[in-house]
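# Per-entry structural report
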Amino acid sequence: MAASMSARYDGSSVSAVFNLGTPTFAEAASGRASLVVPVMTSDAYFVRGRLVPSMRGSVVTPPIGVDPALRADVVRRAMQAVGSAVGGGRGVCVVVGHGTRRAANSGATTAALRDAMDTEFKRSAPGWRAVDAYLDQEPLLEDVAASVTDDIVAVPWLIGGGGHDLDDVGERIGLGSSPRRGVWLQAGGRRVFVLASLLESGLVATAAVRMVETAHVRLPLRLVTRGSRLALWQAREAQRVLSAAGVSSTIRVVESEGDRDLTSPIESFGKTGIFTDALADELARGAADVAVHSLKDLPLATEESSLHLPAVLARDAAEEALVARDGRRLADLPAGAVGGTSSARRARQVLSLRADLRVAPIRGAVEERVRQVLEGRFDATVLAVAGLRRLGMLEVITERFSPEQLTPEPGQGVIAFQGRADDWFTQSLVGRVDHGPTRDAVTAERAFAQMVQDSGVGSPCAVAHVDGSSVRLLSRLAGPGGITPLRSAVGSDAETVAADAVERALVESAEGAGV
């Protein structure tokens with residue numbers, strides 16, 4: 001395949017490297033920086049865990065297995081096999097993946113191929129259905145095959161054409177090693193058809209060429225961000241993390257409505273998204289691939305359902321901090337002191353702790369709000385610790401609040417990537433940097449916030465902690481009449497945890513359980 005691609009791209013050096021074999025990833029990396037195409041079905045263990053770290057300085061495309069065109073080609077081959085089943089009105093198509101417990105998303109492309117086949121069966125062959133099975137994780141191929149009495153079309157979603165493909169599939173499905181491909185055979189009292197390997201079919205070479213040509217058009221990825229110092233810091237951090245994952249990118253600044261008007265109270269805009277809509281527009285019209293945001297700034301629900309969040313980075317500090325003149329803590333502020341904040345959530349929680357203070361709107365970037373306090377326009381303000389740390393301004397903090405004292409905004413301290421839901425190329429690349437525990441945490445927080453927003457009873461306050469498969473959500477409501485007690489909800493499903501927390505908070509709010 002490398003030889004055929006060398007002929008296609010005359011003047012370019014094309015070589016094949018291997019995880020197990022010669023030359024290895026590390027040996028290939030000793031040469032000049034290059035474009036690397038993983039001839040693999042998923043972006044899991046070998047790509048993220050072995051290839052990307054070995055090929056520092058190279059751009060690594062998505063693996064060919066995420067290419068929808070390759071999946072469509074395999075579906076067509078499977079449908080041809082189904083159509084050749086004389087008298088076979090019913091059957092099961094088994095998509096066979098390697099599977100591995102070493103990476104959480106290792107079966108994602110196998111499941112995607114299964115779903116694509118199932119969709120086609122419902123349209124063209126309603127007596128057939130598609131299932132997935134694996135060589136080294138449940139559901140195991142041999143168990144699935146033993147449970148099926150109808151005809152089987154086995155689709156090896158395996159690259160390499162080696163022992164796994166040639167021997168394991170046949171043996172585990174009851175045909176013995178190296179069974180004939182592309183013909184109907186008898187096994188266990190039913191008919192079985194095993195598709196030719198991806199390498200033998202020629203689909204792999206075609207997909208690799210398509211990935212190279214897509215990469216030349218689509219890379220580097222185009223990142224957009226707001227122009228504040230904090231937003232630019234976050235965009236550069238996103239760019240750094242992507243580069244470490246083998247993804248090249250550029251940064252462009254887009255001015256938001258909220259940035260153009262830094263004096264009007266936020267509520268006067270009459271909508272959410274004043275800091276994010278301009279970036280979303282760039283994505284929607286195809287002028288950008290990824291928008292980099294502070295997750296807490298992103299609206300919970302948007303009419304633009306074609307956008308989604310392919311990745312979040314590991315969370316920075318979620319806590320809130322007080323910045324006050326003369327080094328004062330909250331308890332030290334004199335009665336009648338003015339705190340500057342445009343956040344109803346912050347204002348209500350601060351007043352629950354110090355009802356003798358006054359609160360007034362404050363606008364501007366983080367450093368501008370700090371300046372207004374130090375110059376005496378306000379006695380204090382509350383800011384996110386994460387933003388101050390990113391700007392190198394931790395020294396202005398006069399008190400750091402625990403979540404029990406001042407519960408943060410859902411998503412606080414998290415950098416998020418927003419992209420088009422139908423952009424599989426960018427999804428695969430950006431998905432490499434998604435931090436699973438942080439995603440689980442913010443899923444719970446934003447689900448809680450969405451339910452609170454739908455109820456219209458107050459401002460959501462929430463922060464979640466993830467320990468293995470357990471999600472612990474600390475949450476409360478900050479309403480006009482006060483705040484509800486801080487409660488903890490624990491479970492394995494983030495959205496269920498959020499629903500439990502909201503149910504209890506709404507009951508307490510209705511009962512006037514503010515403190």
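Residues numbered from 1 in each chain as written. Predicted model: local features only at pLDDT ≥ 70, side-chain atom pairs only at ≥ 80, totals over all residues. Heavy atoms only, no water.

### Topic: the pattern of salt bridges
Going by this rule: Salt bridge criterion: a side-chain nitrogen from Lys or Arg within 4 Å of a carboxyl oxygen from Asp or Glu. Put simply, DSSP H or I for four residues or longer makes a helix, DSSP E for two residues or longer makes a strand, and each gets a number counted from the N terminus. Buried means the residue's accessible area, taken with a 1.4 Å probe over protein chains only, is under 20% of the maximum for its type, while exposed means over 50%, and partly exposed covers the values in between.
Within the structure shown, the criterion is met by 32 salt bridges. Here Arg345 ties to Glu320 by a salt bridge, and the two come within 2.8 Å at their closest N and O atoms. With Arg345 in helix 13 (residues 344–353) and Glu320 in strand 12 (residues 320–324), the pair connects residues that are 25 residues apart, well separated along the chain. Of the residues examined, Arg345 reaches a relative accessible area of 4% and is grouped as buried. The buried category is assigned to Glu320, whose relative accessible area is 0%. Salt-bridge contacts for Arg354 lead to Asp356; the nearest nitrogen and oxygen are separated by 2.8 Å. Take Arg354: its relative accessible area is 13%, and that puts it in the buried class. Overall, the relative accessible area of 37% leaves Asp356 in the partly exposed class. Through salt bridges with shared partners, a single network forms among Arg218, Arg222, Asp289, Arg420 and Asp423.

### A few points about the environment of Gly246
What counts here: The contact criterion used is simple: two residues touch if any of their non-hydrogen atoms lie within 4.5 Å.
Looking at the element boundaries, Gly246 is found in the loop between helix 10 (229–244) and strand 9 (249–253). Sequence-wise, Gly246 and Asp277 are 31 residues apart; in three dimensions their C-alpha atoms are separated by 29 Å. When residues no more than four places from it in sequence are discounted, the contact partners of Gly246 are Val52, Ser58, Val59, Val60 and Arg432.

### What about the sheet that holds strand 3 (residues 91–97)?
Short version of the rule: Strands pair, by our definition, only if DSSP identifies at least two bridges between them. Every axis corresponds to a line fitted to the C-alpha atoms, with the helix fit spanning only the stretch in contact, and the corresponding angles, defined between N-to-C directions, vary from 0 to 180 degrees.
Strand order in the open sheet made by the five strands is 4-3-5-7-6, with mixed pairing throughout. What marks the edges here is a single partner per strand, and that holds for strand 4 (128–134) and strand 6 (184–187). The average angle at which neighbouring strand axes cross in this sheet is 30°, direction not considered. Bridge count for strand 3 against strand 5 (residues 151–156) is six bridges, and the pairing is parallel. Among the inter-strand pairings, Gly91 is bridged to a residue of strand 5, identified as Asp151. Contacting strand 3, strand 4, strand 5, strand 6 and strand 7 (190–194), helix 4 (residues 68–83) runs over the sheet at an angle of about 155° to strand 5. Its contacts with the sheet place helix 5 (residues 108–124) against strand 3, strand 4 and strand 5, and it is angled at close to 170° to strand 4.

### Some points on the environment of Leu158
One can find Leu158 in the loop between strand 5 and helix 7 (163–172). For Leu158, a relative accessible area of 1% corresponds to the buried category. Sequence-wise, Leu158 and Gly65 are 93 residues apart; in three dimensions their C-alpha atoms are separated by 9.5 Å.

### Some points on the sheet that holds strand 16 (residues 399–400)
Strand order in the open sheet made by the five strands is 14-13-15-12-16, with mixed pairing throughout. Here the strands that pair on one side only, and so sit at the sheet edges, are strand 14 (358–360) and strand 16. In this sheet, strand 16 lies alongside strand 12 in antiparallel orientation, the contact comprising two bridges. Along strand 16, the bridge assignment pairs Leu322 with Glu399. In the packing of helix 13 onto the sheet, contacts are made with strand 12, strand 14 and strand 15 (380–384), and the angle to strand 15 comes to roughly 125°. Lying on the sheet, helix 14 (residues 366–374) is in contact with strand 12 and strand 15; it crosses strand 15 at an angle near 160°.

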